[in-house]
Amino acid sequence: MSLRACSRLQGRLLSSVARGFSSLPAEVEEAFSTAAGAAPAASTRPAFSHTPAGRNHLFVPGPVNIHENVLRAMQVPGQNHRDPWFADFYKKCLQDLKMIFGTQEGTTIIFPGTGTGGWESALTNTLSPGDKVVTFRYGLFSHLWIDMMQRLGLDVHVIEGRWGDGAYEDKLAEVLKADTEKKIKAVCVVHNETTTGVTSDIPEVRRTMDAHNHPALLLVDGVSSIGALDFQFDNWRVDVAVTGSQKALSIPTGLGMVCASDKALAAMKTATSRRVYYDFADMLRTNPTGNVPYTPILPLLYGMEASLKLLREEGMANVAARHHRLAEGCRKAVEGWGLQTLCRDPRWKSDSLTVIEVPQGVDSQKVVDVAYAKYNLSLGIGLADVKGKVFRIGHLGNMDELMLSSALCGAEMALIDAGVPVTPGSGVSRAIEYWQQTAKPIPTREHMLA
């Protein structure tokens, strides 16, 4: 044997000794060892830099999944909104938007912004510093709206509630009854509180106000309800309602939509709160001719029109029914897991999302972290007072039962990973059974089952 051959053999033997005399090539053995549980070498790749196969499964209560038709509609080149075509297009946008608010009489306004901007516009265009308002705190978003009210200088009467309950109409009645001089200028309600999975009863709030013959404005945060749940601006005599594009309308974040009653627009004339960007007056001066006071976000307006077309074809009553059916399936899965929703009262349970309590001793953040780290599933975390106690499954907007089934499957695995004693299939099977029994043919496909 030559010296060179001896040297090669010695190298192979030394390598085998280092690897335990394995007959596998080094790179193959390393792969098997890692798969079998051996700790891999520390990665030098940046966190979250790997793109896995498949897709991210997005099941937070906003932003939500965007329909392919909407994505295609937004793929447009830059355009000049001062060209002649824009006026008719924009007037149509404002008119079409009335559908999701459930109004013929209200005035719709679109701000480049978010639902938070809509909050501010509702308050500053109708109220003055020092005005008395009454509102409810039963989650983080109702708390944040209260914080805004206070920072704007309003005199805020807060009705505190359990996080998991909705607006207490009886306590509102007590406050309104005591207000014999009718000094309260507005009742403010978060319709669907996404911290807790609660939908308050806006019609009952209106009936409570009427029972006391109270002239206060009714201002409603409908950010995660409008476009998903039943909302009747005219029939409930809401004065200002607010929503955002990234929720049930299922387009990207960037539009704050507002609907205002004639009563609200009349209040604007005497409201002295400082306002500039979110001033209704600038919109009311320019919108009737199809103009805007500042640059609109054209791709989002195209997406909005495409999304409204889908909702119009489905019918808003059917949209609300679809959301209820999806939510019912999700709630049945929770029962199958042996867990509870944070909202106990059936009349307040949200059809936009489901908020699930984990057993004591389990940190809900671990469920959310495992879901994302292992299954590429994005679930909503517990916020503020319920941090670590709950996780949230969003099912609003562009959603069907097969999409939601994937979320329940991933959540079930993540619960097991987090140490929750859940039997595999116990929740998913309950949801599937319900959805299969209640499924109807897709419109225009009925003939396939004849």
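Computed from a predicted structure; not experimentally measured. (Residues numbered from 1 in each chain as written. Predicted model: local features only at pLDDT ≥ 70, side-chain atom pairs only at ≥ 80, totals over all residues. Heavy atoms only, no water.)

### Concerning the overall build of the protein chain
Of the regular secondary structure elements, the protein chain holds 15 helices and 14 strands. Each principal axis of the C-alpha distribution contributes one length, and for the protein chain these read about 105 × 60 × 55 Å. Counting the 450 residues in the protein chain, one finds 51% classified as buried. Put simply, of all contacts in the protein chain between residues at least 6 apart along the chain, 72% involve residues at least 24 apart. Carbon together with sulfur atoms contributes 55% to the accessible area of the protein chain, which is approximately 21,600 Å² in total. Side-chain charges of the protein chain comprise 46 positive and 47 negative groups, with the mean position of each set lying 4 Å from the other. (Helix = DSSP H or I, 4+ residues; strand = E, 2+ residues; numbered from the N terminus. Buried < 20%, exposed > 50% of the residue type's maximum accessible area, 1.4 Å probe, protein only. Contact = heavy atoms within 4.5 Å. Areas by Shrake-Rupley, 256 points an atom, 1.4 Å probe, with all protein chains shown as cover. Lys, Arg positive; Asp, Glu negative; His and termini not counted. Charge placed at Lys NZ, Arg CZ, Asp CG, Glu CD.)

### Examining unusual backbone geometry
Cis geometry marks the peptide bond from Gly62 to Pro63, where omega comes out at 0 degrees. On the secondary structure map, Pro63 appears in the loop between β1 (57–59) and α3 (68–74). Positive phi, normally seen in glycine, also occurs at Ser250, with a value near 60 degrees. Residue Ser250 is classed as buried on the basis of its relative accessible area, which comes to 4%. One non-glycine residue, Asn376, lies in the positive phi region at around 55 degrees.

### Topic: the UniProt feature "domain: Aminotransferase class V" (unreviewed entry) in the protein chain
In the numbering used here, UniProt assigns the feature "domain: Aminotransferase class V" (unreviewed entry) to residues 79–369. Structurally, residues 79–369 comprises 40% helix and 18% strand, and the distance from its first C-alpha atom to its last is 41 Å. (UniProt positions renumbered as here; feature names shortened; annotations may be inferred.)

### Regarding empty space enclosed by the protein
What the rule picks out here adds up to three cavities of 30 Å³ or more. If you add up the space inside the largest cavity, you get close to 50 Å³. Looking at the largest cavity, the residues that line it are Thr196, Gly197, Arg331, Thr341, Leu342, Cys343, Lys349, Ser350, Leu353, Thr354 and Val355. Looking at which element gives the most residues to the lining of the largest cavity, the answer is strand β12 (residues 353–357), with three residues. For the lining of the largest cavity, a count of residues per class yields four nonpolar, five polar and two charged. (1 Å grid on protein atoms, 1.4 Å probe; cavity = no way out; pocket = protein on both sides within 12 Å on 5 of 7 lines; lining within 4 Å. Points joined across faces, edges and corners; volume = space filled by probe spheres on them. Nonpolar A, V, L, I, M, F, W, Y, C, P; charged D, E, K, R; others polar.)

### Brief notes about the side chain of Asn192
Relative to the assigned elements, Asn192 resides in strand β6 (residues 192–193). Within the local environment of Asn192, its side chain forms a polar contact with the side chain of Thr199, the two groups lying 2.5 Å apart. Ignoring anything within four residues of it in the chain, the contact list for Asn192 reads Val198, Thr199, Asp221, Ser224, Ser225, Leu229, Ser350, Ser352 and Leu353. (Polar contact = N/O pair within 3.5 Å; in protein donor to acceptor, adjacent residues only side chain to side chain.)

### Regarding the pairing of strand β14 (residues 390–394)
Most of β14 is tucked away: five of the five residues are buried. Looking at chain direction, β12 and β14 are connected through five bridges and run antiparallel. The residue of β14 that forms the bridge with Ile356 is Phe391. (Pairing = 2+ DSSP bridges.)

### Points about the pattern of salt bridges
One pass over the structure, following the stated rule, counts 26 salt bridges. The shortest N-O distance in the salt bridge between Asp88 and Lys91 comes to 3.9 Å. Taken as a pair, Asp88 and Lys91 lie in helix α4 (residues 86–101) at a separation of three residues, close to a single helical turn. For Asp88, a relative accessible area of 57% corresponds to the exposed category. Notably, a salt bridge pairs Lys309 with Glu313, separated by 2.7 Å at the nearest N-O pair. Remark: Glu313 and Lys309 occur in helix α11 (residues 298–314); sequence separation between them is four residues, near one turn of the helix. Residue classification places Glu313 among the exposed positions, given a relative accessible area of 57%. One network of salt bridges, in which partners are shared, links Glu169, Asp201, Asp345 and Arg347. (Salt bridge = Lys/Arg side-chain N within 4 Å of Asp/Glu carboxyl O.)

### Here we look at the environment of Ala439
Checked against the element boundaries, Ala439 lands in the segment after α15 (426–438). You can call Ala439 partly exposed: its relative accessible area is 43%. Counting along the chain gives 114 residues from Ala439 to Arg325, while the straight-line C-alpha distance between them is 9.3 Å. When residues no more than four places from it in sequence are discounted, the contact partners of Ala439 are Arg325 and Glu401.

### Things to note about the sheet that holds strand β11 (residues 340–341)
Neighbouring strands of a sheet are bound in pairs by backbone hydrogen bonds; such pairs are parallel or else antiparallel. Across the sheet, which stays open at both edges, the three strands sit in the order β11-β12-β14 with antiparallel pairing between neighbours. Each end of this open sheet is capped by a strand with a single partner; those strands are β11 and β14. Sheet strands in contact with helix α12 (residues 316–337) are β11, β12 and β14, and its direction is about 10 degrees off that of β12. (Axes fitted to C-alpha atoms, helices over the stretch in contact; angles between N-to-C directions.)

### Quick word on the confidence of the model for the protein chain
Chain-level statistics for the protein chain give a pLDDT mean of 92 and a share of 90% at 70 or above. Note on residues 1–39: pLDDT under 50 across the span, and twelve contacts to partners over four residues away in sequence or across chains. (pLDDT = per-residue confidence, 0-100.)

### Examining the nonpolar core
Val187 and Met304 are the most contacted members of the largest nonpolar core, which has 84 residues in total. Per-domain counts for this core show at least three residues from each of domain 1 (57–64 + 315–441) and domain 2 (68–312). Met304 has contacts with Cys93, Leu97, Ile110, Leu249, Ile251, Leu255 and Met257, leaving out every residue within four places of it along the chain. If you look at the next biggest cluster of nonpolar residues, it comprises 32 residues, including Ile356, Phe391, Met399 and Trp435. (Core = buried A, V, L, I, M, F, W, Y, C linked by side-chain atoms within 4.5 Å. Domains from an automatic or database assignment.)

### Comments concerning the packing of α4 against α11
The interhelical angle for the contact between α4 and α11, taken along N-to-C directions, is 45 degrees, at an axis separation of 10 Å. When the interaxial angle is binned, α4 and α11 end up oblique. Here α4 and α11 pass one another in a crossing that is left-handed. Counted together, Phe86, Phe89, Tyr90, Lys92, Cys93, Asp96, Leu97, Met99 and Ile100 of α4 and Leu298, Leu301, Tyr302, Met304, Glu305, Leu308, Leu311 and Arg312 of α11 form the full contact between these two elements. Classifying every residue of the contact of α4 with α11 gives 13 nonpolar, no polar and four charged. (Parallel < 35°, antiparallel > 145°, perpendicular 65-115°, else oblique. Left-handed = near helix turned anticlockwise from the far one by under 90°.)

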